[in-house]
Amino acid sequence: MAETDWNTRPVDLGGVVYPYHYGVDCLDRIVDELGAMGADRFFVVTDDHVLALHGERLLSGLGAHAPVEVLSLPPGDGMKALPNLAAHVEHVIAAGASRRSVVVAFGGGVPGNLAGVVASLLFRGVRLVHVPTTTVAAMDSVISLKQAINSSRGKNHIGTYRAPEAVYLDVRLLATLPDKQLRSGLCEATKNCLAIRPDSIPEMRRRLAAGNLAAPETLVWLLEESLTAKTAVTRRDPYEQGSGLVLEYGHTVGHAVEMCDQRLRGAEGLSHGEAVMLGMLAAARISRTRGGLDDASVTVHEELAQALGAPTRVPERISVEQVMDVVRVDNKRGYLPVSGEEAAMVLLREHGVPYGTPDLPLTAVPLEIVKEAVTDLMPGDAR
Ligand SMILES: NC(=O)c1ccc[n+]([C@@H]2O[C@H](COP(=O)([O-])OP(=O)(O)OC[C@H]3O[C@@H](n4cnc5c(N)ncnc54)[C@H](O)[C@@H]3O)[C@@H](O)[C@H]2O)c1
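Since the structure is predicted, the reported quantities are computational estimates derived from the model, not experimental observations.

1. Topic: the sheet that holds strand β3 (residues 42–47)
Pairing is mixed across the open sheet formed by seven strands, whose spatial order is β1-β2-β9-β6-β5-β3-β4. Only two strands of the sheet have a single neighbouring strand rather than two, namely β1 (5–13) and β4 (68–73). Strand-to-strand, the axes of this sheet are offset by a mean angle of 20°, without reference to chain direction. Relative to β4, β3 runs parallel, the two being bridged by six bridges. Residue T46 lies in a different strand from β4, and its bridge partner there is S72. Each of β3 and β4 is contacted by helix α3 (residues 82–94), which is oriented at about 165° to β4, the strand it contacts most. Contacts from helix α4 (residues 109–121) reach β3, β4, β5 (102–107) and β6 (127–132) within the one sheet, and its direction differs from that of β5 by about 165°.

2. Digging into the domain arrangement of the chain
Taken as a whole, the chain is organised into domain 1 (5–177) and domain 2 (180–382). Distance from the C-alpha centre of domain 1 to the C-alpha centre of domain 2: 27 Å. If you look at the interface, domain 1 gives 23 residues, while domain 2 gives 24 residues. Here domain 1 meets domain 2 over a buried area of about 2300 Å², counting both sides, of which 66% is carbon and sulfur. Among the residues of domain 1 in contact with domain 2, R9, M139 and I143 are the three that bury the most area, contributing 25% of the side total. Across the pair R235 and D12 runs a salt bridge whose closest N-O atoms are separated by 3.8 Å. Scanning the region where domain 1 abuts domain 2 turns up 11 residue pairs in polar contact (both at pLDDT 80 or more).

3. A short note on the site of the ligand
The immediate surroundings of the ligand are formed by 26 residues, with D77, G109, T133, T134 and T176 found nearest. For the ligand, the accessible surface in isolation is 870 Å², of which the surrounding protein chains cover 87%. Elements that contribute at least two residues to the shell around the ligand include exactly α2 (48–63), α4 and α5 (135–141). Looking at side-chain class alone, the shell around the ligand contains eight nonpolar, 12 polar and six charged residues.

4. Considerations on unusual backbone geometry
A negative phi angle characterises most non-glycine residues, just as the trans form characterises most peptide bonds. In this structure, R124 is a non-glycine residue whose phi angle is positive, near 60°. Here R124 is to be found in the loop between α4 and β6. Of note in the backbone geometry, E240 takes a positive phi value of approximately 55° without being a glycine. Among the structural elements, E240 can be located in the loop between α8 (216–234) and α9 (251–265). Look at E240 and you get buried, because its relative accessible area is 9%.

The rules behind the values
Residues numbered from 1 in each chain as written. Predicted model: local features only at pLDDT ≥ 70, side-chain atom pairs only at ≥ 80, totals over all residues. Heavy atoms only, no water. Pairing = 2+ DSSP bridges. Helix = DSSP H or I, 4+ residues; strand = E, 2+ residues; numbered from the N terminus. Axes fitted to C-alpha atoms, helices over the stretch in contact; angles between N-to-C directions. Contact = heavy atoms within 4.5 Å. Domains from an automatic or database assignment. Buried area = accessible area lost by both parts, 1.4 Å probe. Salt bridge = Lys/Arg side-chain N within 4 Å of Asp/Glu carboxyl O. Polar contact = N/O pair within 3.5 Å; in protein donor to acceptor, adjacent residues only side chain to side chain. Near = heavy atom within 4 Å. Areas by Shrake-Rupley, 256 points an atom, 1.4 Å probe, with all protein chains shown as cover. Nonpolar A, V, L, I, M, F, W, Y, C, P; charged D, E, K, R; others polar. Buried < 20%, exposed > 50% of the residue type's maximum accessible area, 1.4 Å probe, protein only.

See below:
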């Protein structure tokens with residue numbers, strides 16, 4: 001298929017700048033660009049599913065330039081574990097890695113994060129490139145310096161900050177994503193619009209209402225929006241520990257619902273982005289109780305969730321108490337001194353304007369108020 005376009009945008013994360021190249025049907029060009037890096041070896045970190053779906057063209061193309069070693073594991077967040085990190089690092093060293101080698105992260109945020117940690121540890125840092133294949137990776141995780149794997153006790157406990165040399169996206173690779181995975185990154189893109197770029201909300205509504213979320217032109221628009229929104233924030237706060245915390249909009253209740261749902265349904269449960277969308281519905285309600293967002297703005301949240309096909313109610317069999325147990329230990333507590341009866345949350349005065357200060361957009365919210373919002377989002381008979 002002919003390449004239809006090729007675009008490059010700089011990603012500026014507080015002075016660390018790398019190019020993000022993207023287009024539709026541009027995998028051959030991506031291979032050429034990687035081939036021009038002068039690598040002595042490519043180490044492709046991926047998962048078995050992505051490898052089977054899209055690996056052949058990338059691997060055979062790269063193989064024309066340098067030896068290729070594939071490090072693939074079964075898909076899922078369980079891949080981001082210390083034993084896998086150790087095995088990958090030992091494997092690449094045994095296979096002859098040098099400082100001229102390039103680690104290629106090929107897949108979603110999971111292989112992307114594992115590859116990021118491998119690249120930053122190997123010889124104290126070798127070149128990393130991302131070839132994302134999910135909307136989460138393309139629109140979120142590759143626009144970040146954060147690279148992390150999980151400990152046996154929790155998510156993203158072990159990690160580093162590392163910039164890639166470049167990101168290369170062929171939007172066509174996203175066409176094979178199941179709806180739930182497609183939605184996940186689009187929910188995060190919607191979050192960026194609501195919390196950072198309100199001027200884009202009308203166009204976002206128009207595009208989502210038109211349906212066909214997988215259309216390349218829709219995905220390219222959402223990608224460009226994500227790049228603009230995320231870098232507007234991370235340029236000032238590349239480590240996402242101050243003003244960048246606005247990116248956590250929807251994550252307090254969202255993460256809690258996600259954890260409860262994963263315990264019940266595992267991989268069958270909500271995607272991360274869908275859970276964040278639900279979390280935004282809760283945060284919008286709480287913002288309204290503070291005299292911030294008005295009814296119309298809360299309705300915009302609901303409409304966007306519906307247009308994305310994202311659930312707008314907490315899944316069955318999860319109780320308000322279970323959600324609140326996780327909210328109580330939310331990891332944003334460390335950024336804002338809150339009492340045992342409060343949660344630190346991102347709330348909006350209006351779309352694009354968080355409460356708090358520019359350097360710390362967090363608000364202490366009484367748990368009773370959070371509970372009311374969660375209760376309002378329970379399925380009909382559980383309210
Ligand atoms: N700042 C950051 O670094 C950052 C930001 C956001 C998310 N993350 C991390 O990203 C991870 C989630 O990323 P994800 O949602 O991409 O998960 P993932 O990498 O597990 O991919 C989800 C599923 O989609 C499949 N898949 C990938 N590409 C596909 C394609 N083109 N067609 C069909 N199926 C495909 C995978 O095999 C997998 O089963 C989490 O671990 C999260 O912590 C990191």
